[in-house]
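Commentary on secondary and tertiary structure
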Amino acid sequence: MAAATNGYTKLAAVPDLMGEYRAALGGLVPGLGALKKGSGAGGSGARSGGGAGAGGAGAREIPAERFEVHGVVPDTAHLAEYCRTTGLRFGEELPATYPYVLAFPLAIKVMNSKGFPFGAVGVVHLTNAIEQTRPLHVGEALDIRVRAENPRAHRAGMLIDMVTEVTIPAEGDEVVWRQVSGFLGKGAKTEGLPAAADSAVKAAGEPAANPAFVRVTQDTISAYAEASGDKNPIHVSKVGAKAFGFPSTIAHGMWSAAAMLAGMEGLVPEAARFEVEFGNPVRLPSKVAFTADRDADGAGADGSGAAGGSTGGSTAVSATGSGWGLQLRSAKKPEVVHAVGRLEPLS
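Quick summary incoming for the structure in this document.

Focus on the overall build of the chain
Along the chain, the regular secondary structure elements total eight helices and 14 strands. Going through the 347 residues of the chain one by one, you find that 53% of them count as buried. For the chain, restricting intrachain contacts to residue pairs at least 6 apart in sequence, the fraction spanning at least 24 positions comes to 77%. For the chain, the accessible surface area stands at approximately 14,300 Å², while carbon and sulfur atoms represent 52% of it.

Observations regarding helix α8 (residues 253–262)
By the criterion of burial, α8 is predominantly enclosed, with 10 of the 10 residues buried. Residues of α8 that are buried include every one of G253, M254, W255, S256, A257, A258, A259, M260, L261 and A262, and no others.

So, the environment of D75
As for its position among the elements, D75 is in the loop between β3 (67–72) and α2 (76–86). Judged by its relative accessible area of 46%, D75 is partly exposed. Separated by 63 residues in sequence, D75 and V138 have C-alpha atoms that sit 8.5 Å apart.

Quick look at unusual backbone geometry
A cis geometry characterises the amide bond from L284 onward to P285, with omega recorded as -10 degrees. Secondary-structure assignment places P285 in the loop between β9 (272–278) and β10 (286–294). The backbone of N150 shows a phi angle near 60 degrees, a positive value even though the residue is not glycine. When you line up the elements, N150 lands in strand β5 (residues 142–154).

Some points on the pairing of strand β4 (residues 124–132)
In terms of burial, β4 is largely enclosed, as eight of its nine residues are buried. As judged from the eight bridges shared by β4 and strand β7 (residues 175–186), these two strands associate in the antiparallel manner. The residue of β7 that forms the bridge with T127 is G182. Pairing between β4 and β9: six bridges, direction antiparallel. Bridge assignment links E131 to a residue of β9, and that residue is R273.

As for the side chain of D143
Position of D143 relative to the elements: it lies in strand β5. No salt bridge is formed by the buried D143; the nearest opposite charge belongs to R145, separated by 7.3 Å. Within the local environment of D143, its side chain forms a polar contact with the backbone nitrogen of G71, the two atoms lying 2.8 Å apart. Setting aside residues no more than four positions away along its own chain, D143 makes contact with V69, H70, G71, E165, V166, T167 and P169.

Topic: the pattern of salt bridges
Under the defined criterion, the tally for this structure stands at 17 salt bridges. A salt bridge links R22 to D16; its shortest N-O distance comes to 3.6 Å. Taking the relative accessible area as the measure of exposure, R22 reaches 56% and is therefore exposed. With a closest N to O distance of 2.5 Å, D295 and R342 form a salt bridge. In this pair, D295 is assigned in the loop between β10 and β11 (306–308) and R342 in strand β14 (residues 337–345), connecting sequence segments 47 residues apart.

What counts as what
Note on numbering: residues in each chain are counted from 1, in written sequence order. Only residues with pLDDT of at least 70 get local features here, since the model is predicted, and only at 80 or more are side-chain atom pairs given and counted; chain-wide, interface and lining totals rely on the full set of residues. Hydrogen atoms and water are omitted, and side-chain values are computed over all heavy atoms in the structure. For the purposes of this entry, the term helix denotes a DSSP run of H or I that reaches at least four residues, the term strand denotes a run of E that reaches at least two, and both are numbered from the N terminus. Partly exposed residues are those whose accessible area sits between 20% and 50% of the maximum for their type, while under 20% is buried and over 50% is exposed, using a 1.4 Å probe and protein chains only. Between two residues, a contact is recorded if the distance between any of their heavy atoms is within 4.5 Å. Areas reported as accessible are Shrake-Rupley estimates using a 1.4 Å probe. Residue values count occlusion only from the protein chains shown. Strands pair, by our definition, only if DSSP identifies at least two bridges between them. For the purpose of charge, His is not counted, nor are the chain termini; Lys and Arg are scored as positive and Asp and Glu as negative. When a carboxyl oxygen of Asp or Glu is within 4 Å of a side-chain nitrogen of Lys or Arg, the pair counts as a salt bridge. Here a polar contact is recorded for every N or O atom pair within 3.5 Å, except that within protein the pair must consist of a potential hydrogen donor and a potential acceptor, and residues adjacent in sequence are included only if both atoms are side-chain atoms.

Written as structure tokens, this is what we have:
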């Protein structure tokens, strides 16, 4: 580990995610130290019940470490498996959600660092907003940095943004891919913090579009866990899921996000913003319904007013325009909202 520069500690490589999880779990094992106050049951994709803003002016910094890794070149076999398990296209461009899995171990390392106000065990991933000014390409070396900021009060605890930025060494310091992930520490103290934004999941209206259906099984999510490196027990172990309060294993929130993006195959702008708020977890096995409602302010990308993709089937949309309102609901119980999102060109 090198000394910190520009506030970031430079690492030789992206850390092993399961190693970071084991470090976080050390606080649960007698004799290995106390668990950080604020850690609780739950996990990625757990029901939010409250929304999150995406940072912004006046964001407060967290007195925790920042980390960066230079020259990360995605492995094509790893990328291919990620695409296979999400339904995203495997080609010359990285799917917009893929850098999340590259950078996630750095986010957990930030949470494990001294000064972070709650532990990584039981953290709940509530929101995710990605902006890319252009697609990232296979073979490009990426410089990745991660920091925490913008703590705010959520009804269940403290909500904090993990900010990930990607630059291309050959192109200077311009950020070409940026992500703001809202993580909740249940029970963490929030005195004096501003309130989090209202929940978009709670406010979600009935979609006008016809749904495309996706069957998601334990095999699907176990394969995604292998591809993403995130083998959190709530996703791959019935016993582990029950230990954290879930009656069955659940899909990763970012699997749901990737599946929604896969449903927009061919309609994702090169410079785009894709944001998601996660709601009720997808319990395994499940059948989910994906819908895409287009803004009523312009013509469709192909003039058809329809979106289809790897999620299966054709999704007829209610209108045409430059942006899309996305939803993922339970096919069996449509009132159960798993995620709401938005895809639009980055102006």
